[in-house]
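# Overview (structure and organization)
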Amino acid sequence: IGFGSAFEGWSAREEEVTYCVLVPLTPPVGHVFYLEPDTDQQRPGRNFRILVKLECHCPRDQQGEFLLCLLHHPDVVRRVTGQPNLLDTLCTGSYLDVKKTVRWFCALVRANWRRLPQSRSWDLALLPSKRSCNLRLTNSQESFQVRLLFGVQRHGSDIFITSRSQGAHTPSTMWPETYTMAETKFFRHVAGQLPQDSSHLKCLQLLTGVLGRNAFLLLTGVLGRNAFLVHAIKTIVMRLLNTPPASQWHRRYFLLQLSDALEQLRLSLEGKHLEHFIVGNQRLPQEIRLPPDLQRARPPNLFHGLVQDPDAHSRAMQAYLDL
């Protein structure tokens, strides 16, 4: 599932495009995933742990298929299949470990790349990363990066918990919730409502791209990672898109919409408040599926850090004026 490739930041090498891809994980036969919400209020965002349990598949005939039981006969299964279970390989305790999962997948890529026909024309390099599998593909004419994140879908919804980092000290068994699939569906929905010559994507790309490479970096030093700023700008644009009339996004109003987005950024910084667009939003299109607890949740304030740190707020306002 591809997502977020336009809004995930920039490659260290400006000539490279970086694609971000979500790889959904499902439990193998004999295993079950249980998602446990993290109750530590000190960590930012909504986070989960993935409890892995073995389920009973005691020997029985099911339409001619004879299954071995991992739960009651793990040694027999290891001896017959030559494979350990998930708890032995990818878990810390009983919880799925992000770093172990990444190492396992990277090892698969390294071992099997030469078997693919693409390997005859592309060179593959695995880049260092603990919570994603980062690849660089190059040939004689071009180069690009692919960032593979791993995730588990929540209750058949458009919400996933993923391996992305929530900071330098994110525990290896912590899986933060992500809303990128829901956001992608929102942009697809509004694209059908807006004028044919809409400039909303150009506006978003300019705010997150050109500004992000120069003056926007001033705010990065105050508010944190560049990806966080991109998310804040994306949130503002989505809120403007969700406010009628849609005709105001015609390309003739491009400068007006750009000005409105910057003004909303200023107001949000002044008020130290910018609500999350997906969490708790009761006005999303019907085709966007949210878990019930997410629909009822109180939208978090993306600028909560500015409330706690007056000096950071002052620096943010000055950085905005410089921008």
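For the structure itself, look to the data block above.
Right, let's walk through the structure included here.

The rules we used
Residues numbered from 1 in each chain as written. Predicted model: local features only at pLDDT ≥ 70, side-chain atom pairs only at ≥ 80, totals over all residues. Heavy atoms only, no water. Axes fitted to C-alpha atoms, helices over the stretch in contact; angles between N-to-C directions. Helix = DSSP H or I, 4+ residues; strand = E, 2+ residues; numbered from the N terminus. Parallel < 35°, antiparallel > 145°, perpendicular 65-115°, else oblique. Left-handed = near helix turned anticlockwise from the far one by under 90°. Contact = heavy atoms within 4.5 Å. Nonpolar A, V, L, I, M, F, W, Y, C, P; charged D, E, K, R; others polar. Salt bridge = Lys/Arg side-chain N within 4 Å of Asp/Glu carboxyl O. Buried < 20%, exposed > 50% of the residue type's maximum accessible area, 1.4 Å probe, protein only. Pairing = 2+ DSSP bridges. Expected span 1.5 Å × (residues − 1). Arc of directions from axis to C-beta. Lys, Arg positive; Asp, Glu negative; His and termini not counted. Polar contact = N/O pair within 3.5 Å; in protein donor to acceptor, adjacent residues only side chain to side chain.

Packing of helix H8 (residues 254–271) against helix H11 (residues 310–322) brings their axes to within 10 Å, and their N-to-C directions diverge by 160°. In this view, H8 runs roughly antiparallel relative to H11, as classed from their interaxial angle. As H8 packs across H11, the resulting crossing turns out to be left-handed. Contact with H8, carried on its side by Leu262, Glu263, Leu265, Arg266, Leu269 and Glu270, involves His313, Ala316, Met317 and Tyr320 of H11 and no other residues of that element. Of the residues belonging to the contact of H8 with H11, the class tally is six nonpolar, one polar and three charged.

Okay, the pattern of salt bridges next. Where side chains of opposite charge bring their charged atoms close, a pairing between them can arise. Scanning the model with the defined rule gives 10 salt bridges in all. Notably, a salt bridge pairs Asp293 with Arg154, separated by 2.9 Å at the nearest N-O pair. Separated by 139 residues along the polypeptide, Asp293 in helix H9 (residues 292–296) and Arg154 in the loop between strand S10 (143–153) and strand S11 (160–162) bring together distant segments of the chain. Judged by its relative accessible area of 4%, Arg154 is buried. Of the charged contacts, one joins Glu183 and Lys234 as a salt bridge, the two residues approaching to 2.8 Å between their closest N and O atoms. Separated by 51 residues along the polypeptide, Glu183 in helix H4 (residues 180–191) and Lys234 in helix H7 (residues 226–241) bring together distant segments of the chain. Of the two residues, Glu183 and Lys234, neither departs from the other in class, the shared state being buried. Here the salt bridges share partners, and the residues they tie into one network are Arg46, Arg154, Glu177 and Asp293.

Burial along strand S12 (residues 175–178) is two-sided: the face carrying Trp175 and Glu177 and the face carrying Pro176 and Thr178 are both buried. Pairing of strand S3 (residues 47–54) with S12 involves two bridges; the strand directions are antiparallel. Across the sheet, the residue bridging to Asn47 is Pro176, located in S12. For S11 and S12, the ladder comprises two bridges, and the chain directions are antiparallel. Bridge pairing in S12 places Phe160 opposite Thr178.

An ideal rise of 1.5 Å per residue puts 18 Å on 13 residues; H11 measures up with 19 Å between its terminal C-alpha atoms. Turning to H11, its buried residues are Ala312, His313, Ala316, Met317, Ala319 and Tyr320. Seen along its axis, H11 keeps its buried residues to an arc of 160°; they face one direction. Turned more than 90 degrees from where H11 packs its buried face, Pro310, Asp311 and Leu321 sit exposed.

Moving on, we come to unusual backbone geometry. At the junction of Pro244 and Pro245, the peptide bond is cis and its omega measures out at 0° in the coordinates. Phi at His155 is positive, roughly 50°, even though this residue is not glycine. Within the secondary structure, His155 sits in the loop between S10 and S11. What makes His155 exposed here is its relative accessible area of 68%. A positive phi angle is found at Lys272, which is not glycine, with a value near 55°. Relative to the assigned elements, Lys272 resides in the loop between H8 and H9.

One can find Arg131 in the loop between strand S8 (123–127) and strand S9 (133–138). One buried charge, Arg131, has no salt-bridge partner; the nearest side chain with opposite charge is Asp97, at 7.1 Å. At 2.8 Å, the side chain of Arg131 forms a polar contact with the backbone oxygen of Ser163. Setting aside residues no more than four positions away along its own chain, Arg131 makes contact with Val98, Val102, Leu149, Ser163, Arg164, Ser165, Thr170, Pro171, Ser172, Met174 and Pro176.

Spatial relationships are all this shows, so hold off on functional conclusions.
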